[in-house]
Amino acid sequence: MVRLAALLYSLIATALAGTAVIAVLTAGMVSTLAIVGAAAVGAVAALPASWLVAKRLYQ
């Protein structure tokens, strides 16, 4: 299940980080710190999401 979660993480992290960056840019925050922070938050949020999706796929 760890391999599946790792594979899913690469897809889910990209989607969540990209969405967070787009949301930050839409809000008008164009500083480097805001963009990198949003990408980091998206990457961290993808950890439990990918684990839950992998768990759900195994059931």
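Right above here is the structure, for reference.
As the structure is a computational prediction, the values presented were derived from the model and not from experiment.

Asks: Looking at this structure, how should I read helix H1 (residues 2-26)?
Replies: Structurally, the α-helix is built with 3.6 residues per turn, so residues lying three or four positions apart point the same way. With 25 residues, H1 extends 35 Å between its outermost C-alpha atoms, agreeing within 8% with the 36 Å of an ideal straight helix rising 1.5 Å per residue. At Tyr9, H1 is deflected by roughly 30°, the largest bend along its length. Looking only at H1, the buried set comprises Ala5, Leu8, Ile12, Ala13, Ala17, Val21 and Val24. On its buried face, H1 is in contact with helix H2 (32-58). Gly28 sits one or two positions beyond H1 and adopts a positive phi of about 95°.

Asks: What should I look at first to understand the nonpolar core in this one?
Replies: The nonpolar side chains of a soluble globular protein tend to be buried with one another. Listed in full, the six residues of the largest apolar core are Ala5, Leu8, Ile12, Ala13, Ala46 and Ala54. Where this core is concerned, the elements lending two or more residues are H1 and H2. At four residues, the largest contribution of residues to this core is made by H1.

Asks: Got a minute to help me understand the environment of Gly42 in this structure?
Replies: With respect to the element layout, Gly42 can be found in helix H2. Separated by 10 residues in sequence, Gly42 and Leu52 place their C-alpha atoms 16 Å apart. The contact partners of Gly42, leaving out residues within four places of it in the chain, are Leu16 and Ala17.

Cut-off values and rules
- Residues numbered from 1 in each chain as written.
- Predicted model: local features only at pLDDT ≥ 70, side-chain atom pairs only at ≥ 80, totals over all residues.
- Heavy atoms only, no water.
- Helix = DSSP H or I, 4+ residues; strand = E, 2+ residues; numbered from the N terminus.
- Expected span 1.5 Å × (residues − 1).
- Bend = angle between axes of the 7 residues up to and from the residue.
- Buried < 20%, exposed > 50% of the residue type's maximum accessible area, 1.4 Å probe, protein only.
- Contact = heavy atoms within 4.5 Å.
- Core = buried A, V, L, I, M, F, W, Y, C linked by side-chain atoms within 4.5 Å.

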